[in-house]
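Summary of the model geometry
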Number of protein chains: 2
Amino acid sequence: MSLLVTGTVAFDAIETPFGKTDKIIGGAATYVSLAASYFTKQVGLIAVVGDDFPQDYIDLLNQKGIDTSGLQIKSGEKSFFWSGRYFNDMNSRETLITELNVLADFDPIVPEALSAPDYLMLGNLAPVVQSTLISRLSKRPKLVVMDTMNFWMDIALDDLKKTLTMVDVLTINDEEARQLSGEYSLIKASRIIRAMGPKYLIIKKGEHGALLFHEDQVFFAPAMLLEDVFDPTGAGDTFAGGFIGYLASTDDISFENMKRAIIYGSAMASFCVEQFGTDNILNIDPNLLKARVEAFRQLSYVDFLK
Amino acid sequence: MSLLVTGTVAFDAIETPFGKTDKIIGGAATYVSLAASYFTKQVGLIAVVGDDFPQDYIDLLNQKGIDTSGLQIKSGEKSFFWSGRYFNDMNSRETLITELNVLADFDPIVPEALSAPDYLMLGNLAPVVQSTLISRLSKRPKLVVMDTMNFWMDIALDDLKKTLTMVDVLTINDEEARQLSGEYSLIKASRIIRAMGPKYLIIKKGEHGALLFHEDQVFFAPAMLLEDVFDPTGAGDTFAGGFIGYLASTDDISFENMKRAIIYGSAMASFCVEQFGTDNILNIDPNLLKARVEAFRQLSYVDFLK
């Protein structure tokens, strides 16, 4: 089934304890659409860049089957740029530079051919841009997944709450869930947040795995234990891309299938963090992906027949 | 099979965001032996208290089938006392008072009837006391499980390393695993620690679950999502008691059975934290325990047949 993705397409400059990069390709929608392209060949992208963005990379996205007809290229303007530094534990980071550039007045224009997606992934963006995009579609998608972050809770909470009423699944991390709900207990937080709109809530806990909440059901997905986490940038977006890509390819939004989708998303994210930027998710061997999903299944499998 | 438990039997005074207690019964060996008593009726206890320790509580342990013939009662002396305060996130705490009292010169004397246990649980104590106890047994137990903490890494690392060469399973938390190994990556840390002696390593991550390492195998057990964590005191010891109690009752130390034992230990610990002190593990309804174990199994179960 068709999947539409929005979010940032951008330059990142990253410092980790293992090294630093110059400006490399990043952005939520880049990671989401690349990850999703492993599962479905009907991925469309709505985003904006400046004319400093390399055509080679757009060609690469196209080679992955990603339709970039909704990628606006603003002549004479610069792409969104983010620079950050990760601390030793790799679970926390500080932002060094944020240059909004073309993102400052991003108007998500939807080409006719992309206006009726079956699945919609709203990558991290201003909540008002996310809701505008939903309102411009010609039909309501079967499933709308939204990612957001604490930044929008701080400066655009009303917009965020309005957008939350329009989506089915929200993905945030544990700190953000606590901030949005005002509750420390994640099970209580999940109820408060789901009362704001989304019927499903995914709480990402980084190296501690992920939780999926729906009605009275909870699923706890482990995180892969990696020798080294090289660069966590994009891990959450890659997770989201694997998650919604798997759902779109199977066209099954049952709770049971969402659990599988979370394992696929986690497997994709585990590749992402093994190298800087998008390097490690550009060419994942399908057999390696299969093996990693099986490793995830084994990781928390217990046989209670005995 | 028979299980011998050592560790502290003590008074605790606890403050949490939900309230505070006067001196209540605590201590690692108390939690371990109570939790284990749900699985096997052959539990023996080696510990020391002062004559301030209530006979009623010793009677209660006996009613649970715990053999207290190895519990030394020091006339004219006082029991070990610990007082601590938990912070709002319940994952960190500060020690307010530590009065060693009888623990200062604890000599673990083993009655003849308890000297040949099939299973041995070394609850948190000075490592030299733990190793002394092992050396006094008339045969090597089938499985020796050791718990310890950062305190001993700081002040008695050489003793700790010596004791590590004598045990099969070590249980510590993630911070302690990082301290003991000098490695942030838990998979690397687990290799370094297992090279010190224990063939199995359990890393307890509190609200994030637990990990079991053995050779090239890893198991990730989820933690139960609770409405409220009321008092984390004793959770790790209750976990250990459920773990070794289940192993002793099934007399199966395969990796597969250790995975089940971790789920049972986690279920016991989830009851422990729902009330102050030992209150909630004194009388667990077997049907409630069964239901909680099933809830754990469901929590991370994914069906990949599809």
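Everything numeric in this text was worked out from a predicted model, so none of it was measured.

1. A word on the overall build of chain A
- Each helix and strand counted, chain A has ten helices and 14 strands in total.
- Taking 2.2 N^0.38 as the reference for a compact globule, 306 residues should give roughly 19 Å; the C-alpha atoms of chain A span a radius of gyration of 18 Å, in line with that estimate.
- Viewed in the frame of its principal axes, chain A has a C-alpha envelope of about 65 × 40 × 35 Å.
- When each of the 306 residues of chain A is scored for burial, the buried share is 51%.
- Relative to all contacts within chain A whose residues are 6 or more apart in sequence, the contacts with residues 24 or more apart total 67%.

2. Focus: the pairing of strand S7 (residues 81–86) of chain A
Residues and elements named next belong to chain A.
- For strand S2 (residues 10–16) and S7, the ladder comprises five bridges, and the chain directions are parallel. Paired with isoleucine 14 across the two strands is glycine 84, which belongs to S7.
- The pairing of S7 with strand S8 (residues 93–99) spans six bridges and is antiparallel. Within the sheet, the bridge partner assigned to glycine 84 lies in S8 and is threonine 95.

3. Focus on the sheet that holds strand S13 (residues 210–214) of chain B
Residue and element names in this part refer to chain B.
- Taken in spatial order, the nine strands make up an open sheet running S6-S5-S1-S9-S10-S11-S12-S13-S14, and their pairing is mixed. With partners counted over all chains shown, the strands left at the sheet margins are strand S6 (66–74) and strand S14 (217–221), one partner each. In this sheet, neighbouring strand axes are inclined to one another by 15 degrees on average, regardless of whether the strands run parallel or antiparallel.

4. Some remarks on the relation of the copies chain B and chain A
- Rotating chain B by 180 degrees about the axis while translating it 0.0 Å along that axis superimposes it on chain A, leaving an RMSD of 0.0 Å. Here the transformation between the copies is reduced to the relation of a two-fold axis. For chain B, the minimum C-alpha distance to the rotation axis belongs to histidine 208 of chain B and amounts to 3.0 Å.
- A shared interface surface links the copies, since 96% of the contact residues of chain B are contact residues in chain A too.

5. Observations concerning the sheet that holds strand S14 (residues 217–221) of chain A
Residue and element names in this part refer to chain A.
- Here we have nine strands laid out as an open sheet, ordered S6-S5-S1-S9-S10-S11-S12-S13-S14, and mixed in their pairing. Bordering the open sheet on either side are strand S6 (66–74) and S14, each of which pairs with just one other strand. Across the sheet, the mean angle separating the axes of adjacent strands is 15 degrees when strand polarity is ignored.
- Direction of pairing for strand S9 (residues 119–122) relative to strand S10 (residues 143–147): parallel, over a ladder of four bridges. Looking at S10, one finds that leucine 120 is bridged to valine 144.
- Those strands touched by helix H6 (residues 174–181) are strand S11 (169–173) and strand S12 (200–204), and its axis lies near 110 degrees from that of S11.

6. Comments concerning the packing of helix H3 (residues 127–135) of chain B against helix H5 (residues 157–164) of chain B
All names here are of chain B.
- At a minimum axis separation of 8 Å, H3 and H5 run at an interaxial angle of 30 degrees. With respect to their mutual orientation, H3 and H5 come out roughly parallel. The interaxial crossing formed by H3 with H5 has left-handed handedness. Residues Pro127, Val128, Gln130 and Ser131 of H3 touch H5, and the partners they reach there are Asp159, Leu160, Lys162 and Thr163.
- Here the residues of the contact of H3 with H5 sort into three nonpolar, three polar and two charged.

7. Quick look at the interface of chain B and chain A
- The partner chain A presents 26 residues to the 27 residues of chain B that form the contact.
- Among the elements of the structure, helix H7 (186–194), S14, helix H9 (255–272) and helix H10 (286–299) of chain B are those that each provide at least two residues to the side of chain B that touches chain A.

8. Here's the deal with H9 of chain B
- Its 18 residues give H9 of chain B an end-to-end C-alpha distance of 25 Å, which sits within 8% of 26 Å, the value for a rise of 1.5 Å per residue.
- Within H9 of chain B, 14 of the 18 residues are buried, which leaves it mostly tucked inside the rest of the structure.

9. Regarding the pairing of strand S9 (residues 119–122) of chain B
- Every second residue of S9 of chain B is oriented toward a common face, with Tyr119 and Met121 of chain B on one face and Leu120 and Leu122 of chain B on the other, all of them buried.
- The parallel pair S9 of chain B and strand S10 (residues 143–147) of chain B, bridged by H3 of chain B, forms a crossover whose chirality is right-handed.

10. Examining the environment of serine 69 of chain B
All names here are of chain B.
- Mapped onto the elements of the fold, serine 69 is located in strand S6.
- Look at serine 69 and you get partly exposed, because 13 C-beta atoms sit within 10 Å.
- Counting along the chain gives 41 residues from serine 69 to valine 110, while the straight-line C-alpha distance between them is 8.9 Å.

11. Considerations on the environment of proline 141 of chain A
All names here are of chain A.
- For proline 141, the position within the fold is in the loop between helix H3 (127–135) and S10.
- Proline 141 sits 130 residues away from phenylalanine 11 along the chain, and the two C-alpha atoms are 30 Å apart.
- Setting aside residues up to four positions removed in sequence, proline 141 forms contacts with Pro117, Asp118, Tyr119 and Leu120.

12. Considering unusual backbone geometry
- We note that asparagine 101 of chain A has phi near 50 degrees; this positive angle belongs to a residue other than glycine.
- Look at asparagine 101 of chain A and you get partly exposed, because 19 C-beta atoms sit within 10 Å.

13. Side note on helix H10 (residues 286–299) of chain A
- With 14 residues, H10 of chain A should cover 20 Å at 1.5 Å per step; its first-to-last C-alpha distance of 20 Å lies within 8% of that length.
- Along H10 of chain A, the positions that sit buried rather than exposed are Val293, Phe296 and Leu299 of chain A. The buried residues of H10 of chain A occupy an angular sector of 120 degrees when the element is viewed end-on, so they sit on one face. The outward face of H10 of chain A, more than 90 degrees from its buried face, is lined by the exposed residues Asn287, Lys290, Ala291 and Gln298 of chain A.
- In this structure, the buried side of H10 of chain A is in contact with helix H9 (255–272) of chain A together with S14 of chain B.

14. Here we look at the confidence of the model for chain A
- When pLDDT is averaged along chain A, the result is 95; 99% of the residues meet or exceed 70.
- This complex was scored by the predictor with a pTM of 0.94 and an ipTM of 0.90.

15. Notes on the environment of threonine 98 of chain B
Residue and element names in this part refer to chain B.
- Along the chain, the position of threonine 98 falls in strand S8 (residues 93–99).
- Of the residues examined, threonine 98 has 13 C-beta atoms within 10 Å and is grouped as partly exposed.
- Separated by 87 residues in sequence, threonine 98 and phenylalanine 11 have C-alpha atoms that sit 10 Å apart.

16. Re the packing of helix H8 (residues 235–250) of chain B against H9 of chain B
Residues and elements named next belong to chain B.
- Relative orientation of the contacting elements H8 and H9 amounts to 140 degrees, with a least axis distance of 7 Å. Overall, the two elements H8 and H9 adopt an arrangement that is oblique. Considering how the two elements wind past one another, H8 and H9 form a crossing that is right-handed. In this structure, H8 uses Ala235, Thr238, Phe239, Ala240, Gly241, Gly242, Phe243, Tyr246, Leu247 and Thr250 to contact H9, whose residues at the interface are Asn257, Arg260, Ala261, Ile262, Tyr264, Gly265, Ser266, Ala267, Met268, Ala269 and Cys272.
- Across the contact of H8 with H9, the residue classes break down as 13 nonpolar, seven polar and one charged.

Reading the values: rules and limits
Residues numbered from 1 in each chain as written. Chains lettered and ligands numbered in written order. Predicted model: local features only at pLDDT ≥ 70, side-chain atom pairs only at ≥ 80, totals over all residues. Helix = DSSP H or I, 4+ residues; strand = E, 2+ residues; numbered from the N terminus. Rg over C-alpha atoms; globule rule 2.2 N^0.38 Å. Buried ≥ 20, exposed ≤ 12 C-beta atoms within 10 Å, placed from the backbone. Contact = placed C-beta atoms within 7 Å. Pairing = 2+ DSSP bridges. Axes fitted to C-alpha atoms, helices over the stretch in contact; angles between N-to-C directions. Least-squares fit on C-alpha atoms with pLDDT ≥ 70 in both. Parallel < 35°, antiparallel > 145°, perpendicular 65-115°, else oblique. Left-handed = near helix turned anticlockwise from the far one by under 90°. Nonpolar A, V, L, I, M, F, W, Y, C, P; charged D, E, K, R; others polar. Expected span 1.5 Å × (residues − 1). Right-handed = clockwise from strand over helix to strand, strands pointing away. Arc of directions from axis to C-beta. pLDDT = per-residue confidence, 0-100.

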